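So the chains spell out like this:
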Amino acid sequence: MGQRFLAFCGRFRGHFRQRTRTVETAAQQYVQGLIQAETKNMERMEEVVPETDHQALHHMLSESAWSERAVLDQVAQEAHRLLGSDEETGLIIDESGFPKKGRHSVGVSRQWCGQIGKVDNCQVGVFAALNRGSEVTLIDERLFLPQTWTDDDARCQAAGIPKAQRGFQQKSDLALAMIRHARQHGIGFAWVGFDGFYGSDPAFLRALDDDRELFVGDVHKDQRVDLEDPQPVVPPPVSTRGRPPTALQAQTPALRVDDWAQQQPAGAWQPVTLRDGTKGPLQVEILHRHVWLWDGQEAQARHWHLIVRREVATPDDLKYSLSNAPAATPIPRLAFMQGQRYWVERALQTGKQDVGLGDYQVRSWRGWHHHMALVMMAMLFQLEERQLQRPTYPLLSGRDIRALLTQFLPRRDTTLEEVLRQMEVRHRKRQAAIDSAYRKQQLNE
C-alpha cells in the first residue's frame, strides 16, 4: 500500500513541479499527513511525516500559486474512471459549514451551519460528489461568499479573493457552475441530486431542465404544484376602462405537496426496497404523481414527477422530491435516485472524520481552496484502496487505511527519543503561550 500511495501522489506531481521541489514535496507530505495524522493540523503532521516542516506546509498551502483547479479536475477524471458513465452514477450536490472564530477567515459570517445545526459564525462550502452504488467521493467545491463579503472590496482584497470571484453568487449558482463544469469536462453521470435548499430554487430547477440535465431533487413540504396543466393565459379585460391585463394567470389552483400527500389513501403507497443496508434491506413506501410546476412567468408549465417517500420504520417522516425524468420512468428507479443523496452526506462526514476536511489552519482564499483540493486527493486514494481491496476486505474503512499506511510508510514518531523531543517542543510552545498571557495581563493592570 505504501508504494501505491507514492505512485498515486506521483500521478499529480506535475501540478506542483512547475513551482519548486519544496512545494512538490510539501504537497505529498500534506496528503500523507491528512491520512496518517490523528489530528489534521500542520504541527501534528510534522510530528508524523518524516522530514516535514510545518512552515513549509503552510507556505505550500497559503502562498504557493499552484492551481487547485487543475488538481480538482484530475481528481474528477480519476473518479470518473472508477465510478462514472454508469446508469447508477449520480452527481450529488450538498453544502457543509465549518465553524470559525473571528471575522478574517475568507467567507466567514453568521450563517446557517449544518454541522452544528444553527446559525453561527462559520464558512460554508458547496460540494459535488460522484456516486455509484455505495461508493462516493468528492470531486469539486466552491466557497460561498455572503454579501457582507462581496460588498466589501477591501475585505476581499485582504483575503486574497480574485477580482473575478468577488461578485455575489447564490449557492445554487455555485452548484450549477459545478454541474456544468463536470459535464463540460466529460464526467459521466446519469442524474443530479440535491436537497430541499436547492430544490426550493425554481430558477435552479429550470436551468437544469433547460440544460437537459436529469435531476431528482428534494423540495420542502410547502412546495406548491398543480395536479392539472395550469395552461397560463392572459385573462380578457373585464371592462373597457383602464389598461388591459398583461400578466399570465393559471387556470387551475395549486396546492402544497404535504396537503396532497395527506389526502392519499393508504393503498396509494407503493413498497420499494432501496438498497441493502448494514441492518438489512432499507424498505420505503412511495407516493408518485405527475404534476405541473409554473413559475408565474413562463408560457408553459413544466411537467415533472412528484415523489413522496417515507421509511417503514418512521412513517411520519416524509421526504418530497421533484424530478424531470422521462414520464415513463419506473417508480423504483425514481426512488433509487432520490435515495442516493444519502451518500453525499456520508462523503462529507468521511472527509471530516478521516482526512481533515474541516481541520484547516488557513484564512485566505488560496489556502482554503488548496486544502480542499488536497483533501479530495486523499479521499480519491481511499476510494481506490477500497475498490482494490474489496474482494479481500469488503468493509475496509478510512481508519483501516490509516492504520495500514502506518505500517507501510515511514513515520517520524517511532522512537522514544523522537517522541520525547516532540513532547518537549510542545511543552515549550505551551509554556510560551502561558507566559505571553501573563505578560498581557500584567500590562493591562
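Every value quoted in this text rests on a predicted model; they were computed, and no experiment measured them.

**A word on the overall build of the protein chain**
Next, step 1: Scanning the protein chain from terminus to terminus reveals 17 helices and 12 strands.
Next, step 2: In the protein chain, 66% of the contacts between residues at least 6 apart in sequence involve partners at least 24 apart.
Next, step 3: Put simply, the protein chain shows about 22,400 Å² of open surface, and 49% of that area lies on carbon and sulfur atoms.

**Here's the deal with unusual backbone geometry**
Next, step 1: Phi at S85 takes a positive value of approximately 55°, unusual for a residue other than glycine.
Next, step 2: In this structure, S85 sits in the loop between α6 (68-83) and β1 (89-99).
Next, step 3: In the Ramachandran plot, R212 falls in the positive-phi region, its phi being about 60° despite a non-glycine side chain.
Next, step 4: In this structure, R212 sits in the loop between α11 (202-210) and β6 (215-219).
Next, step 5: Owing to a relative accessible area of 78%, R212 belongs among the exposed residues under this scheme.

**Quick notes on the state of the cysteines**
Next, step 1: For the coordinates displayed, the defined rule picks out 0 disulfides.
Next, step 2: For the unlinked cysteine C113, the closest cysteine sulfur is that of C122, found at 4.2 Å.

**A look at α11**
Because each turn of an α-helix spans 3.6 residues, side chains separated by three or four positions in sequence point in the same direction.
Next, step 1: Of all the residues in α11, the buried ones are F204, L205, R206, A207 and L208.
Next, step 2: Against the buried residues of α11 lie α9 (171-184), β5 (191-194), α10 (196-199), β6, β11 (302-311) and β12 (314-323).
Next, step 3: Between a side-chain oxygen at the N-terminus of α11 and the backbone nitrogen of A203 the separation is 3.1 Å; the capping residue is D201.
Next, step 4: At the exit of α11 stands R212, carrying a positive phi of roughly 60°.

**A word on the environment of A299**
Next, step 1: For A299, the position within the fold is in the loop between β10 (280-293) and β11.
Next, step 2: Taking the C-alpha atoms as reference points, A299 and Q249, 50 residues apart in sequence, are found 10.0 Å from one another.

**A few points about a nonpolar patch on the surface**
Next, step 1: A surface patch of nonpolar side chains, amounting to about 270 Å² of accessible area, comprises L416, L420 and M423.
Next, step 2: Following the sequence through the fold, M423 ends up in helix α17 (residues 416-444).

**Some points on the pairing of β12**
Next, step 1: Sheet analysis places β6 next to β12, joined by 4 bridges and oriented antiparallel. What sits directly across from V216, in β12, is S323.
Next, step 2: Two strands pair when backbone bridges link them, and β11 and β12 are joined in this way by 7 bridges, in the antiparallel orientation. Considered in β12, the bridge of E311 is made with T314.
Next, step 3: In sequence, β11 turns back onto β12 through a hairpin of 2 residues.

Calculation notes
- Residues numbered from 1 in each chain as written.
- Predicted model: local features only at pLDDT ≥ 70, side-chain atom pairs only at ≥ 80, totals over all residues.
- Heavy atoms only, no water.
- Helix = DSSP H or I, 4+ residues; strand = E, 2+ residues; numbered from the N terminus.
- Contact = heavy atoms within 4.5 Å.
- Areas by Shrake-Rupley, 256 points an atom, 1.4 Å probe, with all protein chains shown as cover.
- Buried < 20%, exposed > 50% of the residue type's maximum accessible area, 1.4 Å probe, protein only.
- Disulfide = S-S within 2.5 Å.
- Polar contact = N/O pair within 3.5 Å; in protein donor to acceptor, adjacent residues only side chain to side chain.
- Patch = residues over 30% accessible without salt bridge, like charges linked within 9 Å, V, L, I, M, F, W, Y side chains within 5 Å.
- Salt bridge = Lys/Arg side-chain N within 4 Å of Asp/Glu carboxyl O.
- Pairing = 2+ DSSP bridges.

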